[in-house]
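So the chains spell out like this:
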Amino acid sequence: MRVLIVEPYFGGSHKAVLDALLPELGWEHDLLALPARKWKWRMRGAAILMAEEVARLHASGVRWDLVYASTFVNLPELLALSRPALDGVPSVVYFHENQLMYPVRHEAEWDFQFPLTNITSALAADACLFTTQWHLDGFVERIGPFLKQFPDFVPRGVPERIAAKSAVLPPPFDPRPFDAHAARRGERVRIVWPHRWEHDKDPEAFFAAVHELAAEGLDFEVAVAGQAFRDTREQVERMAAGLGSRLAALGEPKGRDAYAALLASADVAVSTARNEFFGLAMVEACYAGCWPVVPDRLAYPELYPAEHRYGSHDELVARLRALVLDRPAPGAARRIAEPFTVQRLAPEYRKVFESVAERGSVR
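Description of the structure in this document. (Residues numbered from 1 in each chain as written. Predicted model: local features only at pLDDT ≥ 70, side-chain atom pairs only at ≥ 80, totals over all residues. Heavy atoms only, no water.)

**Observations concerning the overall build of the protein chain**
Phase 1: The helix and strand tally for the protein chain stands at 15 helices and twelve strands.
Phase 2: By the compact-globule yardstick of 21 Å for 363 residues, the protein chain fits well, its C-alpha radius of gyration being 21 Å.
Phase 3: In terms of principal-axis extent, the alpha carbons of the protein chain reach across some 65 × 50 × 35 Å.
Phase 4: Put simply, the protein chain has 363 residues, and 54% of those count as buried. (Helix = DSSP H or I, 4+ residues; strand = E, 2+ residues; numbered from the N terminus. Rg over C-alpha atoms; globule rule 2.2 N^0.38 Å. Buried < 20%, exposed > 50% of the residue type's maximum accessible area, 1.4 Å probe, protein only.)

Below, the structure is given as structure tokens:
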């Protein structure tokens, strides 16, 4: 097998999955990647740049058995602009996320082109892979209502066509950096929030909860990890500063080893996300030894037992209070993460990729 991998947003979970998976598969591959920034420009324009590189590789004699693309690629544009290099080559689109289900802060400014790109890419692909069943079902259910916004000539049967060639395949993670760091606890219970500093991860909800616990005089500390962004950096730093001496760490760790060490130092990992199609950071935190606390919504009920989920702000505060007062044992929730190691999932990916390459079908 030789696979062409097209990833215009090579960062975060997109990069982590490929970094974990490719060595395990052991196949020849060509990775076309761009840095993880300016996602709107990536979705709009990456196909032009990627097609030029595809043509160059093809002219040098390279041939592929499969194309693997993320949802930041406009797949129909890529296939059309790459002719004849990719003619007849089966393709898989991996849905780390989708724009139909993404929470939009300003509905009036919603650009319909982005969800439409997801739909047309799914139609053009031979197979579509989704992180969870909740993700797959939600995407398919929203296609019909979205297309009904067409002023006329509404396409028919699109959800059914996409569903027929779709399957669930969770994103894997590499456990080795976390295996290298045994859980090491300090004197105080440490709560970690390991997410991007963006509105869909709702840092305000997290800080509201830990500030409430601090006001009660509870003795604990907080670590805030994840990628910072210009629009939210100042706000997050201001909320974090309000924790005073309880703030143990702030900012994205430098490299996977440092990130694994940070998670190994924490007792509790928290999500307050309003958008989550899987949540690789929380799964990694579980594996590193943290007790996860997640909202009772989105993809979380599919992955986490009820004792790890909360339904309201007050319930979040109550769960965190209980965990500060009664410290959880390291690794008590590791079983949640173990099915998602790359060693467990790589055979499933190999099976699916070979099926698509040989038969043009995910099944």
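**A look at the packing of aromatic side chains**
Phase 1: Enumeration over the complete set of coordinates arrives at 21 aromatic pairs.
Phase 2: Taking the centre distance of 6.4 Å and the plane angle of 75 degrees together, the rings of Phe 178 and Tyr 259 count as edge-to-face. Of the two residues, Phe 178 is situated in helix α7 (residues 176-179) and Tyr 259 in helix α10 (residues 256-264); the sequence distance between them amounts to 81 residues. Each member of the pair Phe 178 and Tyr 259 is classed as buried.
Phase 3: Relative to Phe 340, the ring of Phe 278 lies with its centre 5.2 Å away and its plane at 85 degrees, an arrangement referred to as edge-to-face. Here the residue Phe 278 occupies a position in the loop between β10 (268-270) and α11 (280-288), and Phe 340 occupies one in the loop between α14 (334-337) and α15 (342-359), the gap between them amounting to 62 residues.
Phase 4: With relative accessibility at 11%, the residue Phe 340 sits in the buried group. (Phe/Tyr/Trp six-rings, centres within 6.5 Å; stacked < 30°, edge-to-face > 60°.)

**Overview of the environment of Ala 333**
Phase 1: One can find Ala 333 in the loop between α13 (313-325) and α14.
Phase 2: For the pair Ala 333 and Asp 296, spaced 37 residues apart in the sequence, the C-alpha separation amounts to 17 Å.
Phase 3: Residue contacts for Ala 333: discarding those within four places in its chain leaves Cys 286, Cys 290, Trp 291, Pro 292 and His 308. (Contact = heavy atoms within 4.5 Å.)

**Description of the sheet that holds strand β11 (residues 291-295)**
Note on sheets: strands pair through backbone hydrogen bonds, and any given pair is parallel or antiparallel.
Phase 1: The strand order β9-β8-β7-β10-β11-β12 describes an open sheet built from six strands, whose pairing is parallel. Two strands bound the open sheet, and with one partner strand each, they are β9 (247-250) and β12 (309-310).
Phase 2: Inspection of the sheet shows β11 paired to β12 by two bridges, in the parallel sense. From the neighbouring strand, Pro 295 faces β12, where its bridge partner is Tyr 310.
Phase 3: Across the face of the sheet, helix α8 (residues 203-215) comes into contact with β7 (189-194), β8 (220-225) and β10 while running at roughly 165 degrees to β8. (Pairing = 2+ DSSP bridges. Axes fitted to C-alpha atoms, helices over the stretch in contact; angles between N-to-C directions.)

**Here's the deal with the pairing of β8**
Phase 1: In terms of burial, β8 is largely enclosed, as six of its six residues are buried.
Phase 2: In β8, alternate side chains face the same way, and those of Phe 220, Val 222 and Val 224 on one face and Glu 221, Ala 223 and Ala 225 on the other are all buried.
Phase 3: Where β7 and β8 come together, six bridges link them in parallel fashion. Looking at β8, one finds that Val 189 is bridged to Phe 220.
Phase 4: In the classification by handedness, the crossover that spans β7, the intervening α8 and the parallel β8 is right-handed.
Phase 5: Each parallel crossover has a hand, and the one from β8 via helix α9 (residues 230-241) to β9 is right-handed. (Right-handed = clockwise from strand over helix to strand, strands pointing away.)

The analysis is restricted to geometry; functional conclusions fall outside its scope.
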